[in-house]
Amino acid sequence: DRATVLIVGAGPAGLVLGNLLRANGIDTLILERGSRERVQTRARAGFLGANSARVLTEHGLAAGMLRSGQSHDTCAFRDAEGEFELNYGELGRGEVHTVYPQQHLVTDLIAEYLHRGGRIRFDVTVTEIDAATATVRHNGGESRGRFVVGCDGSNGVSRRALPADLATRHARDHGIAWLAVLTEAPQSMTAVTYALHDNGFAGHMARSPQVTRYYLQVCADDDPAAWPDERIWSELAIRMRVDRFGPLREGPVTERRMVRLRSDVVDPMQHGRLFLAGDAASLISPSAAKGANLAIMQAEVLARALTDAVTREDEAALRAYSRTCLPRIWRAQEFSHWMITLLHGPAAAEPDAGFQRVLRRARLSSLRDSRSHQDFFAENYVGI
Ligand code: RFL
């Protein structure tokens with residue numbers, strides 16, 4: 001089994017990369033652990049930033065997004081002092097989000113990849129990658145490429161194929177967990193809403209006209225089963241302060257899962273013939289909705305570099321791949337980290353919890369009152 005570029009993982013990173021390489025006539029094979037049905041129904045991200053929309057549009061991958069994606073330009077913050085909205089589409093660089101559920105994007109990308117003559121094998125679990133020879137071992141035997149790209153997410157095998165003495169993993173567990181909930185209910189507010197409350201953070205995000213995502217900060221060892229529908233809706237009502245701002249539009253909860261807020265960056269993101277992209281290279285906490293956007297950014301950079309290498313025998317861009325991507329990844333990490341400190345109060349046990357709480361209020365009022373702070377926020381919230 002051979003291919004010029006072997007790609008491990010059919011998430012946004014692997015599929016955007018595969019599509020861009022196929023557009024340049026490069027022979028690719030994607031190996032994916034899940035079934036096609038499984039990856040096409042995995043609901044995760046939804047907010048595509050301006051760069052992602054550009055990449056998808058320029059490379060002919062945006063038909064579905066343009067047909068049914070919704071443009072979003074406003075977010076709101078609520079706390080004990082009130083609520084304010086930021087129309088970020090009118091701030092910073094004037095960029096907006098396109099809301100298009102990740103599973104729909106993945107479905108589109110698979111169809112287009114196959115249409116472009118790409119090969120993909122589902123239900124294949126990669127167990128070992130040899131970065132020096134670009135050989136991949138899996139439950140179906142062995143595949144060889146000229147290059148291998150690990151797009152297998154944060155728990156995949158490609159990270160382990162980077163030699164520990166050459167690659168540094170910068171990691172942080174934020175010590176915070178969210179219950180991520182999907183509801184069969186229309187949006188309750190027109191804007192993405194972040195609610196700061198002493199009980200913990202609560203968030204409201206659009207997905208589609210019939211589906212809304214909510215987040216509730218919970219204890220890290222909470223069991224999602226301990227959160228039946230009624231408890232979710234009543235806690236959301238408290239933290240969203242419905243008595244003051246109006247009721248939520250309730251509906252059945254169709255998915256509840258724990259998400260631990262973790263971030264890490266692997267540096268460098270490459271070794272020998274192996275390159276990492278997406279969550280495999282850098283996991284980012286979902287607080288600023290950046291993960292899929294970083295994956296798409298890296299896929300575009302890498303596709304260009306691999307195309308140079310394969311079609312012109314020019315490996316300069318490949319050698320610079322980590323150096324090109326890492327500053328953008330760290331900017332996103334920095335912003336995401338800032339969002340985490342804004343959205344979550346200190347644990348009550350922390351000795352300076354009182355100080356931190358007031359600091360957080362000051363941080364929020366700066367965002368509410370300062371136009372230059374708002375421009376900076378907008379630029380980083382939608383951009384990479
Ligand atoms: P993915 O999507 O995890 O895909 C990796 C693929 O690799 C396969 N795989 C293997 N295949 C073969 N052999 C192995 N050994 C393998 N190991 C793994 C897996 O089956 C899978 O198909 O990684 P990729 O492509 O890097 O994409 C990353 C994004 O999926 C991720 O960053 C986002 O979903 C994060 N995220 C969000 N990002 C945004 O940009 N905007 C959002 O609004 C947003 N919301 C979210 C999110 C992530 C969430 N969760 C569940 C953590 C909301 C949530 C709740």
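Structure first, text after, so check above.
The rules behind the values
Residues numbered from 1 in each chain as written. Predicted model: local features only at pLDDT ≥ 70, side-chain atom pairs only at ≥ 80, totals over all residues. Heavy atoms only, no water. Near = heavy atom within 4 Å. Polar contact = N/O pair within 3.5 Å; in protein donor to acceptor, adjacent residues only side chain to side chain. Areas by Shrake-Rupley, 256 points an atom, 1.4 Å probe, with all protein chains shown as cover. Helix = DSSP H or I, 4+ residues; strand = E, 2+ residues; numbered from the N terminus. Nonpolar A, V, L, I, M, F, W, Y, C, P; charged D, E, K, R; others polar. Domains from an automatic or database assignment. Pairing = 2+ DSSP bridges. Core = buried A, V, L, I, M, F, W, Y, C linked by side-chain atoms within 4.5 Å. Buried < 20%, exposed > 50% of the residue type's maximum accessible area, 1.4 Å probe, protein only. Contact = heavy atoms within 4.5 Å.

**Q** In this structure, what is going on with the site of the ligand? I would like to understand it.
**A** Near the ligand there are 35 residues, and of these Glu32, Arg42, Gln102, Asp279 and Ala292 occur at the shortest range. One of the backbone nitrogen or oxygen atoms of Gly291 is found 3.3 Å away from an oxygen atom of the ligand. When isolated, the ligand has an accessible area of 1,000 Å², and the protein chains bury 93% of it. Only helix 1 (12–23), strand 15 (211–218), strand 16 (253–267) and helix 8 (291–312) provide two or more residues apiece to the shell around the ligand. With three residues, helix 8 is the single largest residue contributor to the shell around the ligand. Looking at the shell around the ligand residue by residue, the class counts come to 16 nonpolar, nine polar and 10 charged. Split by domain, the shell around the ligand shows at least three residues from each of two domains, domain 1 (2–73 + 93–172 + 262–338) and domain 2 (175–260 + 359–382).

**Q** So what exactly am I meant to see when it comes to the sheet that holds strand 4 (residues 70–72) here?
**A** By way of backbone hydrogen bonds, the strands of a sheet pair with one another, either parallel or antiparallel. One open sheet holds the three strands; their spatial order is 3-7-4, and the pairing between them is antiparallel. Each having just a single partner strand, strand 3 (47–48) and strand 4 make up the two edges of the open sheet. Alignment of strand 4 against strand 7 (residues 97–99), held across three bridges, turns out to be antiparallel. By the bridge assignment, Ser71 is partnered in strand 7 with Thr98.

**Q** Looking at this structure, I do not really get the nonpolar core. What am I missing?
**A** A general trend in soluble globular proteins is that nonpolar side chains are found buried together. Of all hydrophobic cores here, the largest spans 73 residues; its most connected members are Leu17, Leu56, Ile129, Leu302 and Leu306. For this core, the element with the highest residue contribution is helix 8, accounting for 11 residues. If we skip the residues at most four places from it in the chain, Ile129 touches Val8, Thr135, Val136, Val148, Val157, Ser158, Ala161 and Leu274. Residues Val192, Met205, Trp338 and Leu342 belong to the second largest nonpolar core, which totals 31 residues.

It is worth stressing that arrangement in space is one thing and function is another; only the former is reported here.
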